[in-house]
Amino acid sequence: MDKAAQEQGTPTEAEAAPGELAGRIAVVPATPDPDHAALFLKDLIDDAGAGAELKALFRDNPSLEDFLTGIIGNSPFLRDLMLSDPSRLVSILKDAPETRLERILTQARDARADDEAGIMRALRLLKNDLALTLGLADISGVIELDRITGALAGFADAALTAAIRFCLSDLTRLNKFKPFDPEKPEIDSGFIVLAMGKHGANELNYSSDIDLIVLYDPDKAPMAGTAEAPVEFVRMTRRLVKIMQDRTAEGYVFRTDLRLRPDPGATPLAMSVPGALVYYESLGQNWERAALIKARPCAGDIAAGEAFLHEIAPFIWRKYLDFAAIADVQSIKRQIHMHKGHGTIAVAGHNVKLGRGGIREVEFFVQTQQLIAGGRNPALRGRRTLDMLNALCEADWIRPESRDEMADAYRFLRNVEHRIQMLNDEQTQLLPKDEEGLTRIAALMGFGTLKAFEAELLSHLKKVQHHYSELFEDEPALSSELGNLVFTGDDHDPGTLETLAGLGFKQPAEAASIVKSWHFGRYPCTRSTKARERLTEMHPALIGALAATDNADAALRTFDSFSPSSRPVCSFSRC
């Protein structure tokens with residue numbers, strides 16, 4: 001199969017072939033402690049409901065027993081899923097994963113329940129089925145990365161749709177909402193859910209949270225009685241998050257993050273469409289443009305979501321960028337680049353997402369060029385990283401060699417990321433620091449030795465780092481001397497807090513909040529786009545100068561007190 005077909009998510013011959021999972025195992029991970037793993041396998045074989053069928057599968061598929069032993073020995077999370085429901089395990093092994101995944105997504109979208117606890121339980125049980133199906137099919141080599149990430153994003157869409165239908169139906173029961181279609185109350189509801197980041201690009205991780213922006217159109221929402229859209233939809237958003245992320249006996253669906261919405265520290269969980277449009281048109285920042293590249297209406301009123309993205313397209317895709325705007329786009333890259341602890345390429349303890357040569361560098365390699373060129377070339381406005389590597393090459397922005405090496409590295413690193421998360425279902429991208437943990441990752445990746453895995457990993461990391469550094473090789477690093485300085489979103493970056501504390505700020509979180517408030521345009525002298533772009537470039541010098549005083553916190557507060565004036569002391573747009 002050619003590379004272009006693979007990047008578009010076309011199934012390989014192995015994937016397209018019909019047949020049960022148990023008979024298609026191509027990769028059998030080595031087991032670090034076979035005797036210990038055998039004890040858990042015995043529990044499965046001895047199960048009264050599923051043991052006999054499992055033994056029959058072992059007889060018919062010689063590699064299956066060693067495969068399950070390898071899973072048990074390397075992934076506590078997948079082991080626990082197998083042991084919690086042996087009959088489900090047998091069902092997965094006897095099913096074709098492609099058809100099972102489609103069935104799970106359909107069942108999730110159509111899930112119904114009489115109460116909140118019921119819908120939460122139904123979605124969590126389906127998520128557990130999805131996780132085990134994907135984990136076994138992935139490690140065995142039966143399905144590839146595109147199908148895995150697409151299934152995870154598709155399940156998130158389906159679960160959100162089911163949860164929204166439940167919430168809107170409940171509002172209807174309370175005479176607060178009058179749906180046009182009671183079976184699908186989200187249609188023409190004016191309630192919009194935008195998937196951001198990897199979810200928006202259909203590139204979701206095993207243990208990833210989902211980043212959402214929730215909006216509503218007050219003129220379109222068919223509210224009933226005395227109900228008001230701002231009140232009910234904010235309340236409903238809070239309930240939606242609960243349904244998705246609260247932990248119960250069956251687990252959780254997805255951790256849900258709403259902090260990519262406009263000015264999250266000062267806006268409600270669900271924001272009106274007019275309010276969001278005004279924000280992006282007047283105060284939107286370049287890092288928000290980068291985030292919106294991947295935005296996709298995933299649930300709720302899809303048509304209204306598409307209309308909103310069409311409306312803000314001129315903000316995302318500027319046809320003309322001056323040098324200040326380009327410098328600000330580049331500054332996004334340089335801030336992320338200097339994370340403390342990620343300055344060298346290593347294996348043990350390396351962060352495969354944020355570290356040098358990691359996934360984030362591939363993504364920013366693509367996104368920064370999309371922001372610069374996408375305004376004039378609509379072919380560069382896609383959401384998926386691999387697709388846009390192809391598009392950038394076709395548009396002569398990057399060389400074929402760069403595309404191929406970055407694409408190969410991206411697939412490899414995403415697979416490593418998934419294996420890390422398979423260990424304990426944790427949202428982490430850090431490789432283990434000990435040899436035993438690294439050996440488990442190598443085994444789940446299908447390597448016979450840790451040395452072979454390390455060599456392959458380092459090769460990919462170095463290639464990514466080379467192409468990434470080459471992109472802005474003449475640009476000075478914003479944080480090379482001070483440390484990490486990232487002032488985006490609502491959640492404080494841990495590396496930035498560490499940098500501020502090291503510089504002498506006694507209250508680093510308060511300091512970060514003050515700087516962030518400048519970027520949200522809350523003060524007159526930072527309300528123009530150019531002013532905020534220049535401000536980004538000034539961060540190191542400004543923070544460094546304040547830190548050099550006797551009391552860094554007091555100096556920052558005093559400096560901040562000048563900004564609200566209607567006749568500001570300094571206009572950043574003229575600095």
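About the thresholds
Residues numbered from 1 in each chain as written. Predicted model: local features only at pLDDT ≥ 70, side-chain atom pairs only at ≥ 80, totals over all residues. Heavy atoms only, no water. Phe/Tyr/Trp six-rings, centres within 6.5 Å; stacked < 30°, edge-to-face > 60°. Helix = DSSP H or I, 4+ residues; strand = E, 2+ residues; numbered from the N terminus. Buried < 20%, exposed > 50% of the residue type's maximum accessible area, 1.4 Å probe, protein only. Pairing = 2+ DSSP bridges. Right-handed = clockwise from strand over helix to strand, strands pointing away.

## Observations concerning the packing of aromatic side chains
Argument step 1. Within this structure, the stated rule accounts for 9 aromatic pairs.
Argument step 2. With a centroid separation of 6.3 Å and 50 degrees between ring planes, the pair formed by Phe155 and Phe254 is classed as tilted. Of this pair, Phe155 sits in helix H10 (residues 145–173) while Phe254 sits in the loop between helix H12 (229–245) and strand E3 (256–257), and the two are 99 residues apart along the sequence.
Argument step 3. We classify Phe254 as buried; its relative accessible area is 1%.
Argument step 4. Summarising the aromatic geometry, the rings of Phe191 and Phe233 are spaced 5.1 Å apart at their centres and angled 55 degrees between planes, so their arrangement reads as tilted. On the criterion of sequence distance, the pair formed by Phe191 in strand E1 (residues 191–195) and Phe233 in helix H12 is long-range, its members being 42 residues apart.
Argument step 5. Residue classification places Phe191 among the buried positions, given a relative accessible area of 0%.
Argument step 6. Of the aromatic side chains, those joined through ring pairs into one cluster are Tyr279, Tyr280, Phe308 and Phe315.

## Things to note about unusual backbone geometry
Argument step 1. Even without being a glycine, Asp188 presents a positive backbone phi close to 60 degrees.
Argument step 2. Mapped onto the fold, Asp188 is located in the loop between H10 and E1.
Argument step 3. The residue Asp425 is not glycine, and still its phi comes out positive at about 55 degrees.
Argument step 4. Positionally, Asp425 belongs in the loop between helix H19 (400–424) and helix H20 (435–444).

## Comments concerning the pairing of strand E2 (residues 210–216)
Argument step 1. Burial runs high along E2: 6 of the 7 residues are buried.
Argument step 2. Of the pairings in the sheet, the one linking E1 to E2 comprises 5 bridges and is antiparallel in character. Residue pairing across strands places Leu194 opposite Ile213, the latter belonging to E2.
Argument step 3. Running through H12, the crossover from E2 to the neighbouring parallel element E3 is right-handed.
Argument step 4. Two elements, E2 and strand E4 (residues 270–272), share 3 bridges in a ladder whose sense is parallel. Residue pairing for E4: Tyr216 is matched across the bridge by Ser272.

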